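Here are the chains, one letter per residue:
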Amino acid sequence: MENQKPIVHRKDLHWWEQFYIPQIINGMRITLSQVFRPKFTRQYPEEKWNPPASFRGRPVLVEQNGVERCVACGLCSRVCPALAIDVQASETELLKERYPVRFEINMLRCIFCGFCEEVCPEEAIVMSKEFELVFRFQEDAIFGKDKLLISADKLKDRLEYLRKNR
Amino acid sequence: MVKITIDEKQFEVENNLTIIQAARQNGIHIPHFCWHPKLSVSGNCRVCLVEVEKMPKLVIACATQVTDGMIIQTNSGRVVKARNAVLEFILINHPLDCPICDEAGECKLQDYAYKYSVGESRFEFDKVRKPKRVELGPNVMLDTERCIMCSRCIRFCDEIVNKPQLVFTQRGDHVELTTFQGQKLDNDYSMNVIDLCPVGALTSKDFRFKARVWDMSATDSVCVGCSRGCNTKMWVRNNEILRLTPRFNSSVNQYWMCDHGRLNSFKNVNAANRVNAPMFRKDGMLIDVGWDEAMARATSELKSFKKNEIAAFGSAHSTNEDNYLLAKLMNHMGVHRIDFVPHIEDAKQDSLLIKADKTPNSTGARLVGIKSDTDEYSYRAIIDDIRNGKIKALYVLDDDIAVVPEIAEVLPKLEFLVIHASNENQTMKYADVVFASSTYAEKHGTFTNFEGRVQKNKPAVSTLEHDRVLDGMPLSRLDRFGAHNDRWTKGIKRDTRASWRIINSIAAILGAKWKYNKCEDVFNEIASTNSSFYGLTYENIGVTGAMIQKSQEQVTVRS
Ligand code: SF4
Ligand code: SF4
Ligand code: SF4
Ligand code: SF4
């Protein structure tokens, strides 16, 4: 019994407050003043939003000269706290020696933390501006290279942002 | 014995040791690239520098002998500074290849750079370029740029294999590792240089780019390539074995294993031709059936033969437990014709590791009861009796006996053939019932090697019989955190069973009252009933194996 919190009595209303009318008028005034201010709401999805470069949308692989920059080092896969990334390396004739034959990100696992982007030694995986992700089946949420590869020119914003903020 | 002091601690050590050996014996790690406990001292990497009191300069721990009263500092300010300088020198020409290098994660240079270097270079010029992707031999790739010229690989070929095949050419920072003119790195042990190489200069062609080392689990295993039984580590990702590496055992294989064992003793486990379910023959075709059906068929047919019309072949490829239970089952059925087919290749043996007997367990198979007391019961006599129709039914434990032409010739004569098989094989063509058995990589068990050392083998790949977590199998990061719907946990789990378990079930149908729950139970029974195994328990075999009582039984392999 002794541990029970003491009962707090609400402060009795002042006689002026007990009128209510002035309070209501004051509330209506605020509402009315908002009506004439500029609108911030957006008619999504008809009206799209273009996020700033610092936005972390779904991670994508940077494609340059027709091939992925990725060398399948597996560091993104290692660092990913959600274990969303699965990389299988293989050998290529190109100078970089290694490339990912399979690169999959499970978008149901991804938490958009951006660690993969941060750890990548090749600037090969970056956070895009895409945030609209809808799936009907679990399997559809696993993005392979077909969905992940995006050419470098389309990612200019982010790549510049990364260089500036290294 | 001499008294020395390392880092303020006093030790008493033998007097012919070097500082690095003395420190190692007492659990103090002195960093080293070129020194190796089983190779001669070359002293060229300079990273093992330590400070010895009253010596004007730092000395290399690998080539300085301990003397009485020596006071050694392995972490003094001078040592730390010198080590950092050595690493800075090594890194001047070392490429920034870690992302594409297979050694990453188990690389001494990476580790030491983290631990002992400040990680800054004052060198502003271009690195020396050298050939990359060089095929040194059939199994080994060389990246010359990554080589730090420690010469371990060269010394291994010279000193351990006695086949000098590698050499340095050029001078200074242009030194390059190559093979002698017109030669290849093609000795039977060539792949050990991959483990020896402290960096990623030498890598395996077979394992190339297959997996990151931190994504695999490693299980202590035993190679089944020959009767040496080299201790190995089996590296598994997504229930698939990707490589084998040797595991140190001073009484069996030291630090080494042969290329044949490393490359060929695991490929069958994940092969496409695995037998995935029990089968029996119907209308001339082998069809997949359930375990109960297959067992019912095998037992009812076996019962229809007279005792002296049945014979059994144990297998030197199988474990002691498998063979012991087969012998016990035959004994229960009153069958006395039992032996195994030896696989000896006299041309393929040497004085280092490789033995002529290409099976891991002929010593054990014989000791646990797979043997004929007289020649009349030997495997050749069994073959003869199949030929002349005296033996009509045959039970074969995991062994493709039909690869022996004279056996393949008589097998069609049999009225009934039961086999245990892990992979599709020649013998299957003649079989009426096939039990899908687990390979050595999928079961517990013991092997007894050529000199009578009993060694434990653990499952590295899981079948429907086990659960990685519940059965305490080593887990990789991916195993630990994977969910059922992650692709990287969906590796194939087969419906195979350990041979001793299959025999155990058959015995139960035939009325035997055995009580074995674990492989351990079988082994402990062998140990308590068989004088050769006296004093051993599954527990006390340990990780390095234990010797059988030799005097009890003549341990020789008959061909
Ligand atoms: S960290 Fe970069 S280079 Fe490495 S696997 Fe991931 S995307 Fe590829
Ligand atoms: S953003 Fe984070 S959670 Fe998503 S894939 Fe990259 S590292 Fe993993
Ligand atoms: S290849 Fe490796 S083992 Fe051989 S000398 Fe170079 S660094 Fe040493
Ligand atoms: S020597 Fe024998 S046991 Fe050792 S690795 Fe080679 S084949 Fe395997």
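Residues numbered from 1 in each chain as written. Chains lettered and ligands numbered in written order. Predicted model: local features only at pLDDT ≥ 70, side-chain atom pairs only at ≥ 80, totals over all residues. Heavy atoms only, no water.

J.: Give me the interface of chain A and chain B: which residues, what numbers.
T.: Counting from both sides, the interface comprises 27 residues of chain A and, opposite them, 23 residues of chain B. Of the roughly 2,100 Å² buried between chain A and chain B on both sides combined, carbon and sulfur atoms contribute 43%. Contact with chain B buries area across many residues of chain A, yet A:Leu83, A:Glu97 and A:Arg98 alone supply 31% of it, more than any other trio. Where chain A touches chain B, the interface holds 7 salt bridges. B:Arg487 serves as the salt-bridge partner of A:Glu104, at 2.9 Å between the closest nitrogen and oxygen. In this structure, the connection of chain A to chain B is made through 15 residue pairs in polar contact (both at pLDDT 80 or more). (Contact = heavy atoms within 4.5 Å. Buried area = accessible area lost by both parts, 1.4 Å probe. Salt bridge = Lys/Arg side-chain N within 4 Å of Asp/Glu carboxyl O. Polar contact = N/O pair within 3.5 Å; in protein donor to acceptor, adjacent residues only side chain to side chain.)

J.: Hey, could you go over the packing of helix H8 (residues 320-333) of chain B against helix H13 (residues 499-509) of chain B for me, with residue numbers and the actual values?
T.: All names here are of chain B. At a minimum axis distance of 8 Å, the contact between H8 and H13 shows a crossing angle of 20°. As the angle between them shows, H8 and H13 are arranged roughly parallel. As H8 runs across H13, the sense of the crossing is left-handed. Only Ser-499, Trp-500, Ile-503, Asn-504, Ile-506 and Ala-507 of H13 make contact with H8, whose side of the interface consists of Glu-321, Asp-322, Leu-325, Leu-326 and Leu-329. By residue class, the composition of the contact of H8 with H13 is 7 nonpolar, 2 polar and 2 charged. (Axes fitted to C-alpha atoms, helices over the stretch in contact; angles between N-to-C directions. Helix = DSSP H or I, 4+ residues; strand = E, 2+ residues; numbered from the N terminus. Parallel < 35°, antiparallel > 145°, perpendicular 65-115°, else oblique. Left-handed = near helix turned anticlockwise from the far one by under 90°. Nonpolar A, V, L, I, M, F, W, Y, C, P; charged D, E, K, R; others polar.)

J.: Requested: an account of the domain arrangement of chain B, with residues and values cited.
T.: Residue and element names in this part refer to chain B. The assigned domain composition of chain B is domain 1 (2-91), domain 2 (98-103 + 123-270) and domain 3 (279-547). With centres defined by C-alpha atoms, the gap from domain 1 to domain 2 works out at 27 Å. Listed by partner, the interface residues are 15 residues for domain 1 and 15 residues for domain 2. Roughly 1,200 Å² is buried in total at the junction of domain 1 and domain 2, and carbon and sulfur atoms are behind 55% of that figure. When the buried surface of domain 1 facing domain 2 is broken down by residue, Phe-33, Lys-38 and Leu-39 rank first, second and third, together holding 45% of it. For the pair domain 1 and domain 2, the interface holds 0 salt bridges. Our count for the domain 1 to domain 2 interface comes out at 8 residue pairs in polar contact (both at pLDDT 80 or more). (Domains from an automatic or database assignment.)

J.: Go over a nonpolar patch on the surface, please, and point to the residues and values.
T.: On the surface, A:Leu13, A:Tyr20, A:Ile24 and A:Met28 cluster together to form a nonpolar patch covering roughly 440 Å² of accessible area. Note on placement: A:Leu13 falls in the segment before helix H1 (21-35). (Patch = residues over 30% accessible without salt bridge, like charges linked within 9 Å, V, L, I, M, F, W, Y side chains within 5 Å. Areas by Shrake-Rupley, 256 points an atom, 1.4 Å probe, with all protein chains shown as cover.)

J.: For unusual backbone geometry, give the residues involved together with the corresponding values.
T.: Along the chain, A:Tyr44 connects to A:Pro45 via a cis peptide bond; the corresponding omega equals 5°. Residue position: A:Pro45 is located in the loop between H1 and strand S1 (59-64). One non-glycine residue, A:Ala72, adopts positive backbone phi at about 60°. Structurally, A:Ala72 can be placed in the loop between strand S2 (67-68) and helix H2 (75-79). At B:Asp7, a position not held by glycine, the phi torsion is positive, near 45°.

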